[in-house]
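Survey of secondary and tertiary structure
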Amino acid sequence: MADSAQAQELVYLVTGGCGFLGEHVVRMLLQREPRLRELRVFDLHLGPWLEELQTGPVQVTAIQGDVTQAHEVTAAVAGAHVVIHTAGLVDVFGRASSETIHEVNVQGTQNVIEACVQTGTQFLVYTSSMEVVGPNIKGHPFYRGNEDTPYEAAHRHPYPRSKALAEQLVLEANGRKVHGGLPLVTCALRPTGIYGEGHQIMRDIYYQGQRLGGRLFRAIPASVEHGRVYVGNVAWMHVLVARELQQQAALLGGQVYFCYDSSPYKSYEDFNMEILGPCGLRLVGARPLLPYWLLMFLALLNALLQWLLRPLLLYAPLLNPYTLAMANTTFTVSTNKAQRHFGYEPLFSWEDSRNRTIRWVRAMDGSAP
Ligand SMILES: NC(=O)c1ccc[n+]([C@@H]2O[C@H](COP(=O)([O-])OP(=O)(O)OC[C@H]3O[C@@H](n4cnc5c(N)ncnc54)[C@H](O)[C@@H]3O)[C@@H](O)[C@H]2O)c1
Ligand SMILES: C[C@@H](CO)CCC[C@@H](C)[C@H]1CC[C@H]2[C@@H]3[C@H](O)C=C4C[C@@H](O)CC[C@]4(C)[C@H]3CC[C@]12C
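Report on the accompanying structure. Not measured: the values here are computed from a predicted model.

Re the packing of helix α2 (residues 70-77) against helix α3 (residues 98-119)
Where α2 meets α3, the closest approach of the two axes is 9 Å, and the angle between their N-to-C directions is 50°. Of the possible angle classes, the one that applies to α2 and α3 is oblique. In the crossing of α2 with α3, the sense of the turn from one axis to the other is right-handed. Of α3, the residues touching α2 (which contributes Ala-70, Val-73, Thr-74 and Val-77) are Asn-111, Val-112, Ala-115, Cys-116, Gln-118 and Thr-119.

Describing the pattern of salt bridges
In a structure, side chains of opposite charge can pair up when their charged atoms sit close to one another. On inspection of all chains with the given rule, the structure shows 13 salt bridges. Between Arg-243 and Glu-33 there is a salt bridge whose closest N-O contact spans 2.9 Å. On the criterion of sequence distance, the pair formed by Arg-243 in helix α6 (residues 231-247) and Glu-33 in the loop between α1 (20-32) and β2 (36-43) is long-range, its members being 210 residues apart. The residues Arg-243 and Glu-33 share a single accessibility class, namely buried. Residue Glu-274 pairs with Lys-266 through a salt bridge whose shortest N-O separation is 3.1 Å. The exposure class of Lys-266 is partly exposed, given its relative accessible area of 27%.

So, the environment of Met-130
Turning to its location among the elements, Met-130 is positioned in the loop between β5 (123-127) and β6 (142-145). A C-alpha to C-alpha distance of 19 Å links Met-130 and Pro-321, two positions 191 residues apart in sequence. Excluding anything up to four places from it in sequence, Met-130 contacts Pro-135, Arg-190, Pro-191, Thr-192, Gly-193, His-226, Phe-258, Met-326 and Phe-331.

Regarding the sheet that holds strand β11 (residues 255-259)
Spatially, the 7 strands line up as an open sheet ordered β3-β2-β1-β4-β5-β7-β11, and their pairing is parallel. Edge positions in the sheet fall to β3 (59-64) and β11, since each of these pairs with one other strand and no more. Direction aside, the axes of adjacent strands within the sheet are offset by 15° on average.

Cut-offs used in this document
Residues numbered from 1 in each chain as written. Chains lettered and ligands numbered in written order. Predicted model: local features only at pLDDT ≥ 70, side-chain atom pairs only at ≥ 80, totals over all residues. Heavy atoms only, no water. Axes fitted to C-alpha atoms, helices over the stretch in contact; angles between N-to-C directions. Helix = DSSP H or I, 4+ residues; strand = E, 2+ residues; numbered from the N terminus. Parallel < 35°, antiparallel > 145°, perpendicular 65-115°, else oblique. Left-handed = near helix turned anticlockwise from the far one by under 90°. Contact = heavy atoms within 4.5 Å. Salt bridge = Lys/Arg side-chain N within 4 Å of Asp/Glu carboxyl O. Buried < 20%, exposed > 50% of the residue type's maximum accessible area, 1.4 Å probe, protein only. Pairing = 2+ DSSP bridges.

Next comes the structure, spelled out in structure tokens:
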């Protein structure tokens, strides 16, 4: 759809634009995409912050909609040059059924692809996840791997399964003819664990620490490395790849890219302490305070309680067999593919990313529920 005459007049659509990552993508586009004319923000739940956005000359169109409803997606996509599809059900805690996760993540993505094809939208960026690769159900470590590192990706949990299926749909759609005859150009970005302003799990862990008198208790060995990446850099990567997809379709189309920056390789808990330590929390224990078998027993107990209580209430604690396995399996990436293919350099240094996140955590001090 985009040709050189329209270069200053681009219409972008961000699905899931009011989520944790989506909001950063929306703000980043407004700051760093000078060719933008209209920005459509599509989400099941629209955030009040949209009203206060400094949009400059860009028209921001808020669209309350559901990716599982094909007609709503098609209406939102019609006339857009680029779609950044971040909407998804991120659930590893058993809040939603596997059918719902599949419907939103897989059918929703299929709807986005079909909408692009029907309406003639040529460029699609999909927010995938490190979890399409692993950790796998066997708990094999993925140590500083890249996009080409061989790894046995085997999933049982509905969330990684859905992300892997959706990513496959997006990559297979690359090259399909869209309305008007041009080829669809797609790619997928795979963030590791994202952190930063608005990160719900960081917020939950901070409140938990406050309730425990400013302490958190080590449960994961410090030697298990977990990949993390700052949300501002993930958002920047989306903006950049969307731009370059239009310039270098042959190179970028059908590709996957891990999202990375200079955030340090640490265990999940030690990394969180980089942020939560300066906010007044302390991690107790140099080694896990409970043996792994006991943690697994507690995780299984949580799963059983969730199942038993489901008719009465939703019991969805952080600890379950899947999250324990994830936190206990090394998964880190070391790659420069995004730099080589589309010139990505992190916009935020580690110090900056850390300080911004610390400032955000400090700002919620005293507001623990
Ligand atoms: N948070 C992470 O660590 C992480 C890591 C890797 C990949 N991802 C991926 O990044 C994307 C964004 O994740 P997030 O952490 O910002 O999650 P989030 O839950 O904060 O954002 C997801 C957004 O999608 C919207 N949404 C959900 N169902 C929808 C539907 N049916 N129709 C329209 N909108 C719907 C939600 O309302 C929400 O605003 C997801 O696709 C997720 O799989 C997240
Ligand atoms: C056992 C607990 C003791 O402190 C720690 C539990 C931590 C878990 C809740 C998190 C450990 C790893 C996280 C996941 C990871 O960062 C990557 C993800 C990919 C993304 O697509 C969605 C979020 C997540 C699954 C993330 C969720 C929380 C953890 C399982």
